[in-house]
Amino acid sequence: MGRILMRLPYRAYKKRRIEKLRICHEPGCGKEFYGPPIAKYCDFHRDIRNRVRKRKKISDPSVENMLFDHSFREVIEIEFTCPVIGCGRKFIIKIYPKQLIYPKFCEEHRSAYRRRITEVNYHPLKGVACN
Ligand SMILES: [Zn+2]
Ligand SMILES: [Zn+2]
């Protein structure tokens, strides 16, 4: 009996230490609340239904892809030239009706890493240094 009474003040102390004044992470809320360090949201926004869903970032089509405006009604194949400096490889792309966004680079250069390697190795006088 005596032991239980002894432990109560300690627990109350510990709780006070852990709970900190926090600010809700929900954009546009900014409400202050008391909670453990891992708490990110106020009482209202702790319920996921009250939070704005994060939308996936739509990558800029001009970086990885190109806009190819056309009015073809059948699937056709068109030859493009890779715009990476030092590549200039030709590649075939299937053009589909109503689809306007297509890869901009040859198969080799669809990763930013590969594009950088080719551009770094390119020498304007010697030409393509890699491959
Ligand atoms: Zn909130
Ligand atoms: Zn290329």
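Details of the structure are given in the entry above.
Definitions and cut-offs
The written sequence of each chain sets the order in which its residues are numbered from 1. The naming scheme follows written order: chains are lettered A onward, ligands numbered 1 onward. Reporting of local features is limited, given that this is a predicted model, to residues whose pLDDT is at least 70; pairs of side-chain atoms are given and counted only at 80 or more, and all residues count toward the totals for whole chains, interfaces and linings. The secondary structure listing takes helices from DSSP runs of H or I that are at least 4 residues long and strands from runs of E that are at least 2 residues long, numbered from the N terminus. Three classes are used. A residue is buried when 20 or more other C-beta atoms lie within 10 Å of its own, exposed when 12 or fewer do, and partly exposed in between, with C-beta atoms placed from the backbone. Here contacts are defined at the residue level, using C-beta atoms placed from the backbone and a cut-off of 7 Å between them. By convention the nonpolar core is taken to be a set of buried residues drawn from Ala, Val, Leu, Ile, Met, Phe, Trp, Tyr and Cys and joined through C-beta atoms within 7 Å.

*Asks:* Explain the overall build of the chain residue by residue, including any values.
*Replies:* What the chain contains, in helices and strands, is three helices and six strands. In the chain, the succession of helices and strands from N to C terminus is α-β-β-α-β-β-β-β-α. Scored against the burial criterion, the 131 residues of the chain give a buried share of 9%. A sequence separation of at least 24 residues applies to 31% of the contacts in the chain between residues at least 6 apart.

*Asks:* How would you summarise the environment of Ile93 if you had to cite specific residues and measurements?
*Replies:* As for its placement among the helices and strands, Ile93 is situated in strand 5 (residues 90–95). Residue class for Ile93 comes out partly exposed when judged on the 16 C-beta atoms lying within 10 Å of it. Each C-alpha atom of the pair Ile93 and Glu79 lies 6.3 Å from the other, and the pair is 14 residues apart in sequence. In this structure, Ile93 is in contact with Ile78, Phe80, Tyr102 and Pro103, ignoring residues within four places of it in sequence.

*Asks:* Explain unusual backbone geometry residue by residue, including any values.
*Replies:* Located in the positive-phi region is Lys98, a residue other than glycine, with phi close to 70 degrees. Tracing the backbone through its elements, the reader meets Lys98 in the loop between strand 5 and strand 6 (101–103).

*Asks:* Pulling in residues and values, what's your account of the nonpolar core?
*Replies:* Cys82, Val84, Cys87, Phe105 and Cys106 form the largest nonpolar core, which has five residues in total. The residues contacting Cys106, other than those within four sequence positions of it, are Cys82, Cys87, Arg89 and Phe91.

*Asks:* An account of the environment of Cys42 is requested, with residue identities and associated values reported.
*Replies:* Relative to the assigned elements, Cys42 resides in the loop between strand 2 (32–35) and helix 2 (61–64). The sequence separation of Cys42 and Lys31 amounts to 11 residues, and the corresponding C-alpha distance is 6.6 Å.

*Asks:* Could you give an account of the environment of Pro103, naming the residues involved and the relevant values?
*Replies:* Looking at where Pro103 falls in the secondary structure, it is placed in strand 6. Judged by C-beta crowding, with 15 C-beta atoms within 10 Å, Pro103 ranks as partly exposed. Note: C-alpha distance between Pro103 and Phe68 (35 residues apart in sequence) is 9.7 Å. Residues within four places of Pro103 in sequence aside, it is in contact with Asn65, Ile93 and Arg110.

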